Each structure stands twice: as C-alpha cells, then as structure tokens.
Amino acid sequence: MIDILRRITREPLGMIGLVLVVLIVISALLAGVIAPYDPIELRIVDRLQGPSAAHLLGTDQLGRDLFSRVLYGGQVALKVALISIGAALGVGVLFGMIAGFGPRWLDNIIMLFFDTIRSFPTVMFALATVALVGPSLETVIAVIVVTTIPNYGRVVRTQTLSIRSNEFIKAERAMGASMVRILGVHVLPNVIGPLMILASMDIPTVIALEAGLSFLGMGVKPPTPSWGSILNDGYTLIRNTPWPIIAGSIPLVLITLGFTFLGESLRDLIDPKLRKNI
Amino acid sequence: MLFYLIKRLALGVVIVMLAVTLLFCMIHLVPGDPARILLGPRATPELIAGMSARMGLDQPLPIQILLFFGNLFRGDLGMDVITNRPVADMVFGQLPYTLWLIFTAIGFAMVIGIPLGCYSALHRNTLIDRVTGVLSVACITVPAFVVALYSLLIFAVTLNWFPAVGAGEQGNFWDQVRHIVLPALAIGLSWIGYLARLVRASMLEVMGENHIRTARAYGLPERVVVFRYALKLAVLPTVTVIGVGMGFLLSAALFTEIVFARPGIGKLIFDSITTRNYPVVMGSVLVSTVLFVISTTLSDLVNAWLDPRIRSSL
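Bear in mind the structure is a predicted one, so any value in this text is a computation, not a measurement.

Peer 1: Hey, could you run me through the pattern of salt bridges in this one?
Peer 2: Opposite charge on two side chains permits them to pair, given that their charged atoms come into close proximity. This structure, assessed with the given rule, holds 11 salt bridges over all chains. For A:Arg181, the salt bridge identified is with A:Glu172, shortest N-O distance 2.8 Å. Exposure remark for A:Arg181: the relative accessible area of 42% places this residue in the partly exposed category. One salt bridge in this structure joins B:Lys267 and B:Asp271, with 3.1 Å as the shortest N-O distance. Pair noted here: B:Lys267 and B:Asp271 are both in helix α13 (residues 265–274), with a separation of four residues, about one helical turn.

See the structure below:
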C-alpha cells in the first residue's frame with residue numbers, strides 16, 4: 001500500500017490527483033471547522049455579493065456564504081459516492097460470482113438483467129425513478145447503485161468464468177470444498193484489484209451524476225447545500241452574477257479531475273492490462 | 001451474419017420489453033397513487049378515479065402491461081393526460097431536435113478529436129502529445145452540464161456572441177446553426193477528449209503491426225501509410241464507442257436542452273416528470289431506450305461490416 005502510494009507520488013499526474021483528492025476530502029470532512037458561516041443561514045442584506053475577504057466566493061440570492069456551502073456540499077458528494085459505490089460493489093460481486101459460477105440458465109438471466117439496466121440511459125432512469133419516488137438523497141443513491149451494479153458484476157463474472165476452469169479450482173472441488181470457500185478464498189482475491197481500480201474511476205462519474213441530479217432539483221432537498229444545487233442557483237441567477245456557477249463548479253471539476261488522475265495512475269501501476277478496455 | 005443479425009435484434013426487443021415492464025412495476029410498487037399525486041391534495045375521489053381510468057391505472061398490472069404493448073404495436077404510445085394529445089406525436093415531434101443536436105455534437109467531436117488523437121500518436125511522447133493527453137482527460141471528466149453553464153455564461157450572457165435559449169426559428173437554417181453551436185460544444189467537448197484518447201491508443205497499436213511495416217518497406221509515402229492503412233483501421237473502435245455511448249449522449253443532451261431551454265426529448269422527459277405526466281414519461285423513456293438499443297446494435301453490425309476479422313467469426 002505504502003509502496004503504491006510512493007509510486008503514485010513519483011508520477012506528476014498521480015501526484016496532482018492525490019493532492020486534489022486529499023485537499024477536497026479534508027476540506028469536506030473539516031467543513032464544520034473551516035466554514036466561516038452556517039451554510040443555510042440567511043443574510044438577505046448581504047445577497048449577491050462578489051468575492052471579498054468576508055465571503056471568499058461571494059454570496060447567493062439569499063445572502064448565504066458560497067464558500068461555506070461549497071465546503072458542506074463536499075460532504076454530500078463524498079457521502080453519495082462512498083455509500084453508492086460500496087453498495088454497488090457488494091451486490092455486483094455477489095451477482096457476478098453467481099453468474100460466473102452458477103448454472104448456465106442463471107447466468108443468462110443475470111446477464112439479461114444487467115443488459116436491461118444498462119440499456120436505460122442512466123440520467124433518464126434516474127429521472128423516471130425520482131418522478132415516481134420523489135426527490136431525495138436516498139433515491140439518488142439507490143439509482144446509482146442499481147445502474148452501477150452491472151459494471152462490477154460483468155467484471156466479476158468474466159474473472160470468475162476464467163478462474164473456474166483452472167486446475168487448482170478443480171482440485172479444490174475434488175477435495176470437497178464448498179462453493180462459498182472457492183468463491184471467497186480463490187475467486188475474490190483475484191477480482192478485487194481490477195474492481196478497486198474500476199471503483200476509483202467510477203467515483204468522479206458518481207459525483208458528477210449526483211451534482212447533475214441536484215442541479216435538476218432531483219437530488220438533495222433545499223436548503224441542504226450540494227454542488228449541484230449551488231449550480232442550479234447559479235443558472236437561475238446567470239444574468240445577475242457569475243459567482244454561484246464558479247463556486248459550484250470549481251470543487252466539482254477539481255474532484256472529478258483529481259479522482260480521474262489518481263484512478264488512471266493506480267490502474268497503470270497495478271494493472272496496465274485494463275488500459276485497453278477503457 | 002444473418003443469424004447474428006436476427007439474434008441481436010431479438011435480444012434488443014427482449015431488452016426493450018423488459019425495460020418497459022420494469023418501469024411499469026416501479027410505477028406499481030411505489031407508494032401513493034400517481035393519479036392522486038398528479039391532481040394534488042384537494043382532488044375528490046371521483047376525480048382521482050376518473051384520472052386513474054384515463055391513465056389506465058385502474059387495471060391490474062399484467063393487463064396494463066399487455067395493453068401498453070398491444071397499443072405499442074399499433075404505434076400508439078398512449079395519450080398525454082394533461083393536453084390530451086397522443087404521446088407518440090409529442091415524442092416524435094421532439095426527437096429530431098435531439099438527434100440533430102447529438103449528431104452535430106458527435107460530428108464536431110470527430111472533426112477535432114480524431115486528427116488530434118492521430119497527431120498525438122504520430123508524435124508520441126512529445127510535449128504536444130502530453131498536453132493533449134492531459135487536456136483529453138480534463139475534457140472527459142468535466143460534466144456536460146458544467147460546460148453548458150460556462151458556455152452559456154461566457155459566450156451567450158457575457159460576450160453575447162450566440163443566442164442563449166431555444167433552437168432557432170423554424171426554416172431559418174443559419175439561425176438554427178447559431179443556436180446549436182453552444183449546446184453541441186457542451187455535449188461534444190468530452191467526446192473530443194474521448195475520441196482523441198481512443199484514436200491515439202488504437203493508432204499506436206496499429207502502427208506497430210506487420211502490414212504497416214510492410215507498407216513502409218515497400219517505400220510507400222508516410223502520408224499513404226498513415227491515412228490509407230493505419231488511420232482507416234484505427235478509427236474502427238470509435239464506431240463502437242459512439243454507438244455504445246448513445247446513452248451518455250442522450251443524458252448529456254437532456255442537461256444541455258434544459259440549460260439552453262431547447263426543445264428535445266430530454267426536455268420533454270424533464271417537463272413531463274416535473275408535472276408527473278406518466279404516459280409521457282413512459283413514452284419518451286421507451287423511445288430513448290429503443291434509440292439506445294438500436295444504436296448499440298447498429299454499431300456492432302457496422303463494426304462487423306468494416307472489420308472482416310469480426311465478420312468471419314460470426
């Protein structure tokens with residue numbers, strides 16, 4: 001682990017990615033300490049101000065400090081990314097292994113479901129779900145989990161299929177090992193590397209999706225700050241002030257860039273073979 | 001080949017049918033009556049019952065699904081409960097706007113992205129190659145709606161070079177072109193990066209192959225080697241990527257249509273969702289899913305047609 005970290009820091013892009021990610025994660029975690037104002041406190045007197053010493057990124061139409069909102073918005077983005085990717089990984093691994101190791105008919109059914117989920121454009125699927133269930137952070141997380149499961153499931157299935165015909169698995173089976181043992185002890189360690197890389201490269205996509213849905217008013221409910229809802233304010237106020245758009249987009253762009261650079265360096269270091277597929 | 005074509009088409013139909021069934025089940029499973037939500041809290045039970053009947057929600061779920069498919073085969077996507085217009089008319093009225101936007105964006109991305117990737121591959125590890133590499137990643141990662149917001153802010157609101165809203169006057173080609181520049185840029189930017197990277201990678205692979213070495217050994221000019229023998233093969237993966245990327249393109253188009261208040265299928269879905277107009281949501285999600293399935297199938301077939309190796313393995 002430390003070795004990987006050292007190798008990443010030797011590459012300029014990996015280093016930039018790491019710095020950006022660490023910077024934004026820390027500032028989101030310490031939002032309560034760093035933020036100069038309460039992110040939902042209204043100060044109508046100070047509305048629509050440009051950047052100043054008192055308000056580093058200016059204020060919005062309700063006089064809320066944009067810098068504080070951006071810091072707290074980071075918490076929402078990271079929470080959504082971690083929970084949804086974690087859950088999708090868990091379910092994806094399970095289904096992928098069942099598809100790869102189970103009977104052929106079950107494999108076909110699972111793959112058909114994966115293909116069906118992937119045939120919905122993600123945002124359309126998200127919007128349809130939100131229309132039915134109503135906007136909330138939980139809905140966003142659920143949609144992301146459902147739409148990303150196939151990404152992991154497919155990788156796990158392919159790996160499982162290629163491992164199951166190996167001699168050592170046959171030997172293990174002959175010795176009477178249970179399926180759970182074979183999957184847990186032999187298959188899982190073989191798929192975990194590529195999965196981690198895929199997951200780290202999915203984080204920026206998920207963060208952007210959350211921001212996008214909140215931008216459409218389909219994600220977090222106001223007044224909870226989210227980068228997407230700050231951008232939505234910016235869109236409404238576009239003829240009055242550019243600052244909400246700038247404030248909302250800077251962390252969003254930086255964190256997506258950071259995770260992408262980091263993910264790519266990780267991939268090149270750990271598994272250069274994957275490069276071809278992406 | 002014919003068997004493969006039939007198999008792909010059948011799979012496509014199954015996927016679309018499953019997707020529709022899934023949507024129906026979701027509507028059914030969700031707590032709360034859609035008719036009640038649409039009419040608001042002050043609706044009387046009679047009104048709700050009437051609206052349920054109009055939306056076809058008073059039937060049991062399997063019947064609803066069968067009815068939907070039955071109507072679908074007759075080209076009927078149902079009626080919009082608010083304006084009482086056929087959903088098919090609304091969706092197909094908006095679809096050309098979205099397709100025109102998507103194709104312009106992809107065309108724009110191909111014109112810039114492919115030469116950029118080709119140049120990078122031919123000048124591997126030079127400064128320009130590295131800068132292009134980093135810029136490509138940056139282009140890919142920035143979400144389309146952020147690019148849309150910035151292009152609106154800079155080129156429409158501040159500089160006033162391009163119009164900010166709408167799709168332009170009907171029949172006025174130049175006006176429509178002026179209206180499509182910024183939205184196409186917003187969607188196309190990430191594809192420039194994507195195509196540049198893809199073409200660079202596949203170009204590097206192709207350039208190392210035997211037939212290129214042979215072509216060089218024959219003393220063919222570098223221009224012929226690059227364009228006729230290498231690039232022709234190297235652009236193949238872009239066909240697949242664009243086909244599979246249809247889902248991303250539709251999603252990006254949705255955001256862009258909303259930011260620029262352009263008519264299109266994305267805006268139709270968004271508007272029908274905010275008004276809880278389920279028949280329109282169903283119809284437009286169905287059409288975009290079909291579009292997606294068709295484009296992935298087409299890209300597979302085109303790939304098979306272009307690449308004799310794939311063709312012979314079918």
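Peer 1: I keep staring at the packing of helix α4 (residues 66–101) of chain A against helix α7 (residues 137–164) of chain A and nothing clicks. Help me out?
Peer 2: What describes two packed helices is the angle between their axes and the distance between those same axes. Residue and element names in this part refer to chain A. Interaxial distance between α4 and α7 falls to 5 Å at its minimum, and their mutual angle equals 35 degrees. Here α4 and α7 pass one another in a crossing that is right-handed. Taken together, the residues of the contact of α4 with α7 sort by class into 21 nonpolar, seven polar and three charged.

Peer 1: Before we go on, may I ask you to explain the confidence of the model for chain B in this structure?
Peer 2: Low pLDDT means the predicted atomic positions in that stretch should not be read closely. Averaged over every residue, the pLDDT of chain B is 84; the share at 70 or more is 95%. Taken together, the chains of this predicted complex give a pTM of 0.85 and an interface ipTM of 0.85.

Peer 1: In this structure, what is going on with the environment of A:Pro251? I would like to understand it.
Peer 2: Residues and elements named next belong to chain A. Mapped onto the secondary structure, Pro251 falls in helix α11 (residues 243–270). On a C-alpha basis, the gap between Pro251 and Arg157 in space is 35 Å, while along the polypeptide they are 94 residues apart. Ignoring anything within four residues of it in the chain, the contact list for Pro251 reads Ile24, Val70 and Trp227.

Peer 1: Can you walk me through the side chain of B:Thr289 in this structure?
Peer 2: With respect to the helices, strands and loops of the structure, B:Thr289 is situated in helix α14 (residues 278–306). Judged by relative accessible area, which is 1%, B:Thr289 ranks as buried. Engagement of the side chain of B:Thr289 in a polar contact is seen with the backbone oxygen of B:Val285, the distance being 2.7 Å. Discounting residues that sit within four places of it in the chain, B:Thr289 has contacts with A:Ser119, A:Phe120 and B:Ala19.

Peer 1: Just checking my understanding: could you explain the nonpolar core for this structure?
Peer 2: Taken as a class, soluble globular proteins show a tendency for nonpolar side chains to be buried jointly. Ranked by internal contacts, the top residues of the largest apolar core, which has 155 residues, are A:Leu127, A:Ile207, A:Leu216, A:Trp227 and B:Phe145. When neighbours within four sequence positions are excluded, A:Trp227 is seen to be in contact with A:Ile24, A:Val70, A:Gly73, A:Gly74, A:Ala77, A:Ile207, A:Gly248, A:Pro251, A:Leu252 and A:Ile255.

Peer 1: Explain a nonpolar patch on the surface here, please?
Peer 2: Residue and element names in this part refer to chain A. On the surface, Val22, Ile26, Leu29, Leu30, Val33 and Ile34 cluster together into a nonpolar patch covering about 560 Å² of accessible area. Elements represented by at least two residues in the nonpolar patch include exactly α2 (12–29) and α3 (31–34). Considering every element that reaches the nonpolar patch, the biggest residue donor is α2, with three residues.

Peer 1: Sorry, what's going on with unusual backbone geometry here?
Peer 2: Peptide bonds are, in most cases, trans, and in most cases residues other than glycine have a negative phi. Residues and elements named next belong to chain B. Within the chain, Asn160 stands out as a residue other than glycine whose phi angle is a positive 60 degrees. Mapped onto the elements of the fold, Asn160 is located in the loop between α7 (144–158) and α8 (173–207). Positioned with a positive phi, Ala261 is a non-glycine residue whose angle comes to about 45 degrees. By the element assignment, Ala261 lies in the loop between α12 (246–259) and α13.

Peer 1: Is there a simple way to explain the interface of chain A and chain B in this structure?
Peer 2: Buried accessible area, meaning the area lost when the parts come together, often serves as the stated size of an interface. Listed by partner, the interface residues are 44 residues for chain A and 46 residues for chain B. Across the interface of chain A and chain B, roughly 4,100 Å² is buried in total on both sides, 81% from carbon and sulfur atoms. Counting the surface chain A buries against chain B, the share from its top three residues, A:Phe120, A:Met124 and A:Leu132, is 17%. Where chain A meets chain B, there are one salt bridge. For the salt bridge of A:Glu264 with B:Arg197, the shortest nitrogen-to-oxygen distance reads 2.9 Å. Counting every contact that joins chain A to chain B gives four residue pairs in polar contact (both at pLDDT 80 or more). Contributing elements (two or more residues each) for the side of chain A that touches chain B: α5 (104–119), α6 (122–133), α9 (179–215), α10 (227–236) and α11 of chain A. With 11 residues, α11(A) is the single largest residue contributor to the side of chain A that touches chain B.

Peer 1: Help me out: how do you make sense of the side chain of A:Asp202 in this one?
Peer 2: Residues and elements named next belong to chain A. Looking at the secondary structure, you find Asp202 in helix α9. Given the relative accessible area of 12%, Asp202 is considered buried. Not counting residues within four places of it along the chain, the set of residues in contact with Asp202 comprises Ile85, Thr148, Asn151 and Tyr152.

Criteria and thresholds
Residues numbered from 1 in each chain as written. Chains lettered and ligands numbered in written order. Predicted model: local features only at pLDDT ≥ 70, side-chain atom pairs only at ≥ 80, totals over all residues. Heavy atoms only, no water. Salt bridge = Lys/Arg side-chain N within 4 Å of Asp/Glu carboxyl O. Buried < 20%, exposed > 50% of the residue type's maximum accessible area, 1.4 Å probe, protein only. Helix = DSSP H or I, 4+ residues; strand = E, 2+ residues; numbered from the N terminus. Axes fitted to C-alpha atoms, helices over the stretch in contact; angles between N-to-C directions. Left-handed = near helix turned anticlockwise from the far one by under 90°. Nonpolar A, V, L, I, M, F, W, Y, C, P; charged D, E, K, R; others polar. pLDDT = per-residue confidence, 0-100. Contact = heavy atoms within 4.5 Å. Polar contact = N/O pair within 3.5 Å; in protein donor to acceptor, adjacent residues only side chain to side chain. Core = buried A, V, L, I, M, F, W, Y, C linked by side-chain atoms within 4.5 Å. Patch = residues over 30% accessible without salt bridge, like charges linked within 9 Å, V, L, I, M, F, W, Y side chains within 5 Å. Areas by Shrake-Rupley, 256 points an atom, 1.4 Å probe, with all protein chains shown as cover. Buried area = accessible area lost by both parts, 1.4 Å probe.

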